[in-house]
Amino acid sequence: MIKTMIALMAFAGLVLVLGGLGYIEDAPLTLAHTLVGAGVSLMGIMLWIVAMLTAHYHAHRNDI
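Residues numbered from 1 in each chain as written. Predicted model: local features only at pLDDT ≥ 70, side-chain atom pairs only at ≥ 80, totals over all residues. Heavy atoms only, no water.

1. As for the overall build of the protein chain
Here comes step 1: Scanning the protein chain for helices and strands turns up two helices and zero strands.
Here comes step 2: Here the C-alpha radius of gyration of the protein chain, 15 Å, is well above what a compact globule of 64 residues would show, namely 11 Å.
Here comes step 3: Counting only C-alpha atoms, the protein chain reaches 50 × 20 × 10 Å along its principal axes.
Here comes step 4: Burial statistics for the protein chain: of 64 residues in total, 17% are counted as buried.
Here comes step 5: Contacts in the protein chain between residues at least 24 apart in sequence constitute 69% of all its contacts with a sequence separation of at least 6. (Helix = DSSP H or I, 4+ residues; strand = E, 2+ residues; numbered from the N terminus. Rg over C-alpha atoms; globule rule 2.2 N^0.38 Å. Buried < 20%, exposed > 50% of the residue type's maximum accessible area, 1.4 Å probe, protein only. Contact = heavy atoms within 4.5 Å.)

2. Comments concerning helix α2 (residues 31–59)
Here comes step 1: Look at α2: 42 Å from first C-alpha to last across 29 residues, which is about the 42 Å you get at 1.5 Å a residue.
Here comes step 2: Here α2 has its buried residues at G37, S41, G44 and A51. (Expected span 1.5 Å × (residues − 1).)

3. Quick word on a nonpolar patch on the surface
Here comes step 1: Together, L42, I45, M46, W48, I49, M52 and L53 line one region of the surface with nonpolar side chains, adding up to about 680 Å² of accessible area.
Here comes step 2: For M52, the position within the fold is in helix α2.
Here comes step 3: M52 gets classed as partly exposed once you look at its relative accessible area, which sits at 34%. (Patch = residues over 30% accessible without salt bridge, like charges linked within 9 Å, V, L, I, M, F, W, Y side chains within 5 Å. Areas by Shrake-Rupley, 256 points an atom, 1.4 Å probe, with all protein chains shown as cover. Salt bridge = Lys/Arg side-chain N within 4 Å of Asp/Glu carboxyl O.)

4. Details of helix α1 (residues 2–26)
Here comes step 1: With 25 residues, α1 extends 36 Å from end C-alpha to end C-alpha; this agrees with the ideal 36 Å at 1.5 Å per step.
Here comes step 2: The set of residues buried in α1 consists of I6, M9, A10, G13, V17 and G20.

5. Quick word on the packing of α1 against α2
In a pair of packed helices, the angle between the axes and the distance between the axes together describe the arrangement.
Here comes step 1: Across the interface, α1 lies against α2 with an axial gap of 7 Å and an inter-helix angle of 160°. As judged from the angle between their axes, α1 and α2 are roughly antiparallel. In terms of crossing hand, the pair formed by α1 and α2 is left-handed.
Here comes step 2: Of the residues assigned to the contact of α1 with α2, the class counts are 22 nonpolar, nine polar and no charged. (Axes fitted to C-alpha atoms, helices over the stretch in contact; angles between N-to-C directions. Parallel < 35°, antiparallel > 145°, perpendicular 65-115°, else oblique. Left-handed = near helix turned anticlockwise from the far one by under 90°. Nonpolar A, V, L, I, M, F, W, Y, C, P; charged D, E, K, R; others polar.)

Purely geometric numbers; function is a separate question.
Next comes the structure, spelled out in structure tokens:
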């Protein structure tokens, strides 16, 4: 169950990053649209980091 959740979080993070970059590319070049796209991309990166930290914690939770 946890491995499926980690895989889905990592995939969702990738989709958010690509979606944010695509939004920046397709949107008019205004500061507001650029910041929205950058924010979406950063949310994707943060989700990916959470997925990797969860995987690391799950693999090493019984270490001393």
